[in-house]
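A structural walkthrough
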Protein chains: 2
Amino acid sequence: MTVRPGETRGRMPDRADATLTFIGRIHTPFVRRADCPRRGRPDGPLCRLLVDTAWRPALEGIEVGARIEVLYWMHLARRDLLRQVPAGASAALGTFALRSPVRPNPIATALATVVSVEADGLMVRGLDCVDGTPLLDIKPDFRPTEE
Amino acid sequence: MTVRPGETRGRMPDRADATLTFIGRIHTPFVRRADCPRRGRPDGPLCRLLVDTAWRPALEGIEVGARIEVLYWMHLARRDLLRQVPAGASAALGTFALRSPVRPNPIATALATVVSVEADGLMVRGLDCVDGTPLLDIKPDFRPTEE
């Protein structure tokens, strides 16, 4: 894998300190990575959170209109860059100062709105990931009330 | 592991679809799980994000006062409940309708404020996790500007 000027490569994560189980897949209109918008929009296209049969009972209590946090696995991203140059930027920044998919643990967090609750998952708006992205978790959104 | 009335147990995740590497540890004043507040507060105690040596260059560009999203691994949580009864609640809800630590992939997301940038990590406020919690990721907070 190439490294652009200013970028620093570390080692690829080589330990399995914990393991993940994909709970389903996300279906979106974005077929290739190049089709994905830079960030999801509340008025973006309908996307489907298709939840594996075993985990569907865990959806009970999620309602239409709910704001949810969606965690997914950015399966196409490399994991070895310590410093990287974002698209359109002139200088490198540390990976933890960026929301780039390229990171040691490529877990994305996104906020979405539930449009409908289906037998096999949820229809939502707000996501920007590529079609077929592995789903990790769904949580109610929570912002501290103090803010 | 026990199941309370109204709770439903599924299978434990038994596949390793992806692996995680811990990038450090979180040090907090909360020694046991019972010491942890229900949620982090912006004016909560100072906590340390101790980042492993290999990943410290990835902190470059994070500034004091920044709002960050911290992802960590809830290593003490069981992973097999589909429906659970939250503390103080009378009825069960689906796991994905709750922010309980008990979930197939026990990844927590929390917002924190950077109080200082150290050679070995960050001092922050806003976390509620137990001392020694494995750290997975640090990202700049991002709320869509449309909201």
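The structure under discussion appears in the preceding block.
Reference entry: report on the structure contained in this document. (Residues numbered from 1 in each chain as written. Chains lettered and ligands numbered in written order. Predicted model: local features only at pLDDT ≥ 70, side-chain atom pairs only at ≥ 80, totals over all residues. Heavy atoms only, no water.)

A few points about the pairing of strand β9 (residues 121–125) of chain B
All names here are of chain B. When you tally the buried positions in β9, you get 4 out of 5 residues, the bulk of the element. Sheet topology places strand β4 (residues 47–51) next to β9; 4 bridges connect them, and they run antiparallel. Residue pairing for β9: Cys47 is matched across the bridge by Val124. Here 5 bridges tie strand β8 (residues 107–118) to β9, and the two strands are oriented antiparallel to one another. By the bridge assignment for β9, Ser116 is matched with Met123. (Buried < 20%, exposed > 50% of the residue type's maximum accessible area, 1.4 Å probe, protein only. Helix = DSSP H or I, 4+ residues; strand = E, 2+ residues; numbered from the N terminus. Pairing = 2+ DSSP bridges.)

Focus: the relation of the copies chain A and chain B
Each copy superposes on the other: chain A lies on chain B with an RMSD of 0.0 Å after a rotation of 180° and an axial shift of 0.0 Å. Taken together, the rotation and translation relating the two chain copies correspond to the operation of a two-fold axis. Ranked by how close their C-alpha atoms come to the rotation axis, the residues of chain A are headed by Thr19 of chain A, at 2.3 Å. A shared binding surface is used by both copies, with 100% of the interface residues of chain A retained as interface residues in chain B. (Least-squares fit on C-alpha atoms with pLDDT ≥ 70 in both. Contact = heavy atoms within 4.5 Å.)

Topic: the side chain of Thr95 of chain B
Its location among the elements puts Thr95 of chain B in the loop between β7 (93–94) and β8. Residue class for Thr95 of chain B comes out buried when judged on its relative accessible area of 0%. With near-sequence residues (within four places) excluded, Thr95 of chain B lies in contact with Ala58 of chain A together with Leu81, Leu82, Arg83, Gln84, Val102, Arg103 and Pro104 of chain B.

Observations regarding the pattern of salt bridges
Side chains that carry opposite charge are capable of pairing whenever their charged atoms lie near each other. Enumeration according to the criterion identifies 22 salt bridges over all chains in this entry. The residue Asp17 of chain B makes a salt bridge to Arg15 of chain B at a minimum N-O spacing of 3.0 Å. Classification of Asp17 of chain B as partly exposed rests on a relative accessible area of 30%. Overall, Arg15 of chain B belongs to the partly exposed group, its relative accessible area being 33%. Ionic pairing is found between Lys139 of chain B and Asp137 of chain B, a salt bridge with its closest N-O pair at 3.1 Å. On the basis of relative accessible area, Lys139 of chain B is assigned to the buried category, the value being 2%. The exposure class assigned to Asp137 of chain B is buried, which follows from its relative accessible area of 0%. Through salt bridges with shared partners, one network takes in Arg9, Arg78 and Asp80 of chain A. (Salt bridge = Lys/Arg side-chain N within 4 Å of Asp/Glu carboxyl O.)

Description of the interface of chain A and chain B
Interfaces are frequently sized by the accessible area removed from exposure as the parts join. With 56 residues of chain A in contact, the opposing surface of chain B contributes 56 residues. Each partner contributes to the roughly 5800 Å² buried at the junction of chain A and chain B, and carbon and sulfur atoms together form 57% of this total. If you sort the residues of chain A by the area they bury against chain B, Trp55, Phe96 and Arg99 of chain A come out on top, with a joint share of 14%. The tally of links between chain A and chain B comes to 6 salt bridges. Asp137 of chain A is the partner of Arg103 of chain B in a salt bridge, and the nearest nitrogen-oxygen pair spans 2.7 Å. Counting residues per element, the side of chain A that touches chain B draws most heavily on strand β10 (residues 133–140) of chain A, at 5 residues. Classifying every residue of the side of chain A that touches chain B gives 29 nonpolar, 7 polar and 20 charged. Across 3 bridges, strand β2 (residues 18–20) of chain A lies against strand β2 (residues 18–20) of chain B in antiparallel orientation. Directly across from Ala18 of chain A, in β2 of chain B, lies its bridge partner Leu20 of chain B. (Buried area = accessible area lost by both parts, 1.4 Å probe. Nonpolar A, V, L, I, M, F, W, Y, C, P; charged D, E, K, R; others polar.)

Quick word on the sheet that holds strand β5 (residues 67–73) of chain B
All names here are of chain B. Reading around the circumference, β3-β4-β9-β8-β5-β10 is the order of the 6 strands in this closed barrel, with antiparallel pairing throughout. Strand-to-strand twist across the sheet, computed as the mean angle between neighbouring axes with direction ignored, equals 45°. Bridge count for strand β3 (residues 24–27) against β4 is 4 bridges, and the pairing is antiparallel. Paired with Arg25 across the strands is Leu50, a residue of β4. (Axes fitted to C-alpha atoms, helices over the stretch in contact; angles between N-to-C directions.)

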